[in-house]
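If you want the building blocks of each chain, they are given just below.
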Amino acid sequence: TLTGPTAANVVGIHIHKSHSYFWEINSQSFWYSAANALGGVVTEFKLGRLSGWGGNVVGVGSWSVDGGSGPQDYMVILSSGGEALVYTGTSPADADWAIVGIYRIGEPIGRRNTVKVANELYVITKAGYIPMSQVAGMGEAAQNAALSDRIRGAVLTAADKSASTFGWQPVFYPRGNYMLVNVPLSTTIYHQHVVNVATGAWCRFTGQNMACWCVFNGRLYAGGTNGVVYKADDGYEDNGEPIQGDAMPAWN
């Protein structure tokens, strides 16, 4: 239960330093709770006059700059205009709350557009899958140092074709040691761009038409377009069918 925003308009929630943050559709504000509260009375924080490129709040994430969750965690607010507003501090209600910087990173895709991998925060944008650590040092030029640089063509093509289609989502799967980005090609066909977080090697999963993903108790699950929840990365068959794959060895 929320007192402040219209609950039916809330499209996102994020927990940062024991506070809950909410944002509504088509809004340039976010709302934050008291410490250790999920809902209740929440307070509006307006961002409209800060962003130089305009746009609404479309995502929020936590970015660690000290190697883990701690006092140096920054909060990153993403705008549909392609900016990342980075704040330090406990919450907007505290004296230590201050803006660190405003960075141009490219337009985020979808509402589930951030994923934390170790101390890095990645943002899924139309220009690629961008690490915030590169944005802080390079600004918009970080698009040329995207995690997805090796598959740049595939990412740009998919973003150009279906950026407005529901289903874009990154998820980090520690047991498999990879980060997966769900890529909708249509409302029924989905691929997944998958990167090994240790080697940086990419591959593509096909045949898994899943609208959403999550990690629960260390295992990877997905929600199919048919309303069924599937357990992924388990066993040696694909829902009763053989697993198909293509491998490309080194050229010689």
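For the structure, see preceding data.
What comes next is a walk through the structure. Model, not experiment: these values are computed from the prediction.

1. A word on the pairing of strand β13 (residues 128-131)
Logical step 1: When strand β12 (residues 120-125) meets β13, the two strands line up antiparallel, connected through four bridges. When the bridges of β13 are listed, Thr125 appears paired with Gly128.

2. Considering the packing of aromatic side chains
Logical step 1: Enumeration over the complete set of coordinates arrives at 11 aromatic pairs.
Logical step 2: Aromatic pair Tyr21 and Tyr32: ring centres 6.4 Å apart, planes at 35°, arrangement tilted. Pair noted here: Tyr21 is in strand β3 (residues 19-24) and Tyr32 is in strand β4 (residues 29-32), with a separation of 11 residues, a long-range link. Exposure class is identical for Tyr21 and Tyr32. Each is buried.
Logical step 3: A centroid spacing of 4.8 Å and a plane angle of 10° characterise the contact between Tyr87 and Trp97, whose relative ring orientation is stacked. Of this pair, Tyr87 sits in strand β9 (residues 83-88) while Trp97 sits in the loop between β9 and β10 (98-104), and the two are 10 residues apart along the sequence.
Logical step 4: A relative accessible area of 4% places Tyr87 in the buried class.

3. A word on the sheet that holds strand β19 (residues 219-224)
Logical step 1: On the basis of which strands lie adjacent, the open sheet formed by three strands has the order β18-β19-β20 and antiparallel pairing. A single partner strand is all that each edge strand has here, and the edge strands are β18 (210-216) and β20 (229-231). Between one strand and the next, the sheet's axes are offset by a mean angle of 25°, whatever the strand orientation.
Logical step 2: Strand direction decides the pairing type here: β18 and β19, joined by six bridges, are antiparallel. Paired with Cys212 across the strands is Gly223, a residue of β19.

4. Regarding the pattern of salt bridges
Logical step 1: By the definition in use, this model includes three salt bridges.
Logical step 2: Here Asp233 and Arg175 are joined by a salt bridge, their closest N and O atoms 3.6 Å apart. Here the residue Asp233 occupies a position in the segment after β20, and Arg175 occupies one in the loop between β14 (169-173) and β15 (178-184), the gap between them amounting to 58 residues.

5. Thoughts on the sheet that holds β9
Logical step 1: With antiparallel pairing, four strands are arranged side by side in an open sheet as β7-β8-β9-β10. In this open sheet, the two edge strands, each paired with only one partner strand, are β7 (57-63) and β10. Taking each pair of neighbouring strands and ignoring which way they run, the sheet shows an average axis angle of 20°.
Logical step 2: Relative to strand β8 (residues 74-79), β7 runs antiparallel, the two being bridged by six bridges.

Reading guide: rules and limits
- Residues numbered from 1 in each chain as written.
- Predicted model: local features only at pLDDT ≥ 70, side-chain atom pairs only at ≥ 80, totals over all residues.
- Heavy atoms only, no water.
- Pairing = 2+ DSSP bridges.
- Helix = DSSP H or I, 4+ residues; strand = E, 2+ residues; numbered from the N terminus.
- Phe/Tyr/Trp six-rings, centres within 6.5 Å; stacked < 30°, edge-to-face > 60°.
- Buried < 20%, exposed > 50% of the residue type's maximum accessible area, 1.4 Å probe, protein only.
- Axes fitted to C-alpha atoms, helices over the stretch in contact; angles between N-to-C directions.
- Salt bridge = Lys/Arg side-chain N within 4 Å of Asp/Glu carboxyl O.

Fair warning: the whole summary comes from geometry, so function is off the table for now.
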